[in-house]
Amino acid sequence: MYGIILYVILLQFLSHRCEFEFGFAVTFCLQRALTMQCIIPGSNIKVFGRAVHALARIGDELYVDPERTAVSLRTVNSSRSAYASVEFQPTFFAQYQCGAGAGGQEPVKCKVALKACLSVFRSLASLDKSVERCRIALEESNSRMVVQLECKHKIKKTYHIAFIECETLQAVYSPSEASNRLTAAPRLLVDAAANFLTGQEEVTLAVSHRQLGLRNYTDDEPDPGKAIRTALALNPAEFDGYSIGAECEVTFCLRELRAVLLFSEPLAAPLTVNFDGPGRPIVFCCSAPSTLEAHFVLATLAERTESQAGSQPAPAAGVTAHTGNGDHVSAAATSHNGTLSGIVRPNSRCNGRVSDTPTPRLNPGQPACTSTPLDLEPGAGDGPPPSPPSAAADGDDAIPGTPPAKRAKFTFQRCFNLTMDPLRVPGHERVLAPDSDED
């Protein structure tokens, strides 16, 4: 009995001592050259965690831009085809302080690895139930971001994440100037996106004055005829706002759309979609009054005409990203040394690369590569040369510039030509197999 009492007293003593030492160390750390520090209450910790998870689905680096009026979290993917920005107002935090940097300059702007941030906010389902508040501070002297989670039962978790100083990451776009504007509850788009397969890469959004259509993009499939096609139509009455200035179709990445819906659905705030047409960026905006504002800018597939089949897509312009290294990334779909720059997806599964040399167009009936004809016997070639095959001879409605419908017929095309004469093939008279036995 006395042993149990002594054991409990010892545990209490050690816990108070650890709490004192830990609290003193954290307090001392937070008081050293901090350019920004904030406290997130437990009611908003889940929203902040969802923002981190949504940004992690788009890019690999988190750009932290603290200012006196707000703090912004931004990211961009490696191909510069998607950009996201979430701005938190001071009213979002229980406490927010942003001072000048070293030497009285502007507050430090930095970037950290999003994978490290995901380890802090890993379980969104129980985050608001276990964490009472979260402290975030930028320690400029040690180049690290300190994140402290104060959980229930007086449990504190501290994470030190190294950062790299950088300039502001900013994309140039004008959602207010878009000709098409849609406003709807995020749940409507969540239910629509749930109809597509998990591995689906792109979706096409087609708008008209009568309805909105959403279907999967299958033009880049090896065999589009065997691909699963999913299409649905929504009535304009299902939207809170439906303004269509120009009917068009835009194709963008489904994975990035799901990242937008992951963040916007729990906010219960309307989601606004602004876009112009193919090759121009589509912008998703979501905001909570006087609390936060989020913008997601996604690239769209540039429209390809018949003359551009097999070559690089039509140019477009829209979003321009400015980084700290003086990079100026425009959304125009112009090709430089075979690399497409900007927030425009040139084609699916091409990793942003297009060829500088246009692909030659095939004439009807012309094989993809020139084959060497067989040597004919003497006198066999005295007749007139065979006429080239025509679309009428094939029996198919061939369209100039398109490959034949049947692969076998295209590969062994000479065997299907009307000018093919087996008697003119050298060696046809030879019998290679001996006669069978009489019995």
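Since the model is a prediction, treat every value here as computed from it, not as a measurement.

Criteria and cut-off values
Residues numbered from 1 in each chain as written. Predicted model: local features only at pLDDT ≥ 70, side-chain atom pairs only at ≥ 80, totals over all residues. Heavy atoms only, no water. Helix = DSSP H or I, 4+ residues; strand = E, 2+ residues; numbered from the N terminus. Buried < 20%, exposed > 50% of the residue type's maximum accessible area, 1.4 Å probe, protein only. Pairing = 2+ DSSP bridges. Contact = heavy atoms within 4.5 Å. Axes fitted to C-alpha atoms, helices over the stretch in contact; angles between N-to-C directions. Core = buried A, V, L, I, M, F, W, Y, C linked by side-chain atoms within 4.5 Å. Expected span 1.5 Å × (residues − 1). Parallel < 35°, antiparallel > 145°, perpendicular 65-115°, else oblique. Left-handed = near helix turned anticlockwise from the far one by under 90°. Nonpolar A, V, L, I, M, F, W, Y, C, P; charged D, E, K, R; others polar. Phe/Tyr/Trp six-rings, centres within 6.5 Å; stacked < 30°, edge-to-face > 60°. pLDDT = per-residue confidence, 0-100. Salt bridge = Lys/Arg side-chain N within 4 Å of Asp/Glu carboxyl O.

**Student:** Report on the overall build of the protein, specifying residues and quantitative values.
**Tutor:** Along the backbone of the protein there are 9 helices and 24 strands. Of all 439 residues assigned to the protein, the portion counted as buried reaches 40%.

**Student:** I'd like a rundown of the sheet that holds strand S18 (residues 271-275), residues and numbers included.
**Tutor:** Ordered by their spatial adjacency, 10 strands build an open sheet running S10-S6-S2-S3-S4-S20-S19-S18-S12-S16, and the pairing between neighbours is antiparallel. If you trace the sheet from one side to the other, it starts and ends with strand S10 (164-165) and strand S16 (241-244), each paired once. Sitting on the sheet, helix H2 (residues 45-56) is in contact with strand S2 (61-66), strand S3 (71-76), strand S4 (82-88) and strand S20 (292-298), with an inclination near 165 degrees to S4. Lying on the sheet, helix H6 (residues 254-264) is in contact with S4, S18, strand S19 (282-288) and S20; it crosses S20 at an angle near 170 degrees.

**Student:** Report on the pairing of strand S8 (residues 144-151), specifying residues and quantitative values.
**Tutor:** Most of S8 sits out of view: 7 of its 8 residues are buried. Summarising the sheet, strand S7 (residues 131-139) and S8 pair through 8 bridges and their orientation is antiparallel. When the sheet's bridge partners are listed, Ala137 is paired in S8 with Val146. Hairpin remark: S7 followed by S8, antiparallel, with 4 residues in the connecting loop; positive phi at Ser143, about 55 degrees.

**Student:** Lay out the nonpolar core with the relevant residues and their values.
**Tutor:** In this structure, Phe88, Phe121 and Phe284 are the most contacted members of the largest nonpolar core, which totals 79 residues. Counting residues in hydrophobic clusters, the runner-up holds 10 residues, among them Tyr63, Cys166, Cys285 and Val297.

**Student:** Which residues make up H2, and what are the values?
**Tutor:** With 12 residues, H2 ought to run about 16 Å at 1.5 Å a step, and its terminal C-alpha atoms sit 17 Å apart, in line with that. Across the 12 residues of H2, 9 count as buried, placing the element largely inside the fold. Within H2, burial applies to Ile45, Phe48, Gly49, Arg50, Ala51, Val52, His53, Ala54 and Leu55.

**Student:** Kindly report on the packing of helix H5 (residues 186-193) against H6, identifying the contributing residues and their values.
**Tutor:** Two quantities define a packed helix pair, namely the angle between the helix axes and the distance between the axes. At a closest axis distance of 10 Å, the pairing of H5 and H6 adopts a crossing angle of 140 degrees. The angle between the axes of H5 and H6 places the two elements in the oblique class. Seen from above, H5 lies across H6 with left-handed handedness. Residues Pro186, Leu189, Val190 and Ala193 of H5 form the contact with H6, whose participating residues are Leu254, Arg258, Leu261 and Ser264. Looking at the contact of H5 with H6 residue by residue, the class counts come to 6 nonpolar, 1 polar and 1 charged.

**Student:** Tell me about the packing of aromatic side chains, and name the residues and values.
**Tutor:** For the coordinates displayed, the defined rule picks out 10 aromatic pairs. On the numbers, 4.7 Å between centres and 45 degrees between planes, the contact of Phe88 with Phe92 is tilted. No difference in accessibility class separates Phe88 from Phe92, as the two residues are buried.

**Student:** Run through H6, naming residues and quoting values.
**Tutor:** Counting buried positions along H6 gives 9 out of 11 residues, so the element sits mostly inside the fold. Of the residues making up H6, those classed as buried are Leu254, Glu256, Leu257, Ala259, Val260, Leu261, Leu262, Phe263 and Ser264.

**Student:** Now, about the environment of Val172: what can you tell me, with residues and values included?
**Tutor:** Along the polypeptide, Val172 turns up in strand S11 (residues 170-172). Each C-alpha atom, one on Val172 and one on Val297, is 10.0 Å from the other, the two residues being 125 residues apart in sequence.

**Student:** Got a sec to walk through the confidence of the model for the protein? Specific residues and values, please.
**Tutor:** With 64% of its residues at a pLDDT of 70 or more, the protein shows a mean pLDDT of 75. The least confident element of the protein is strand S23 (residues 335-336), whose mean pLDDT is 30; the most confident is S4, at 97. The model gives residues 16-32 a pLDDT under 50, and that stretch makes 16 contacts with residues more than four places away or in other chains.

**Student:** Could you give an account of the packing of H2 against H6, with specific residues and numbers?
**Tutor:** H6 packs onto H2 with a crossing angle of 175 degrees between their chain directions and a minimal axis gap of 9 Å. Put simply, H2 runs roughly antiparallel to H6. Facing Val47, Arg50, Ala51, His53 and Ala54 of H2, the residues of H6 in contact are Ala259, Leu262 and Phe263.

**Student:** Just give me the short version of the pattern of salt bridges, but keep the residues and values in it.
**Tutor:** By the definition in use, this model includes 12 salt bridges. Between Lys111 and Glu61 there is a salt bridge, with the nearest N and O atoms lying 3.6 Å from each other. Of this pair, Lys111 sits in strand S6 (residues 110-113) while Glu61 sits in strand S2, placing them 50 residues apart in sequence. What makes Lys111 partly exposed here is its relative accessible area of 22%.

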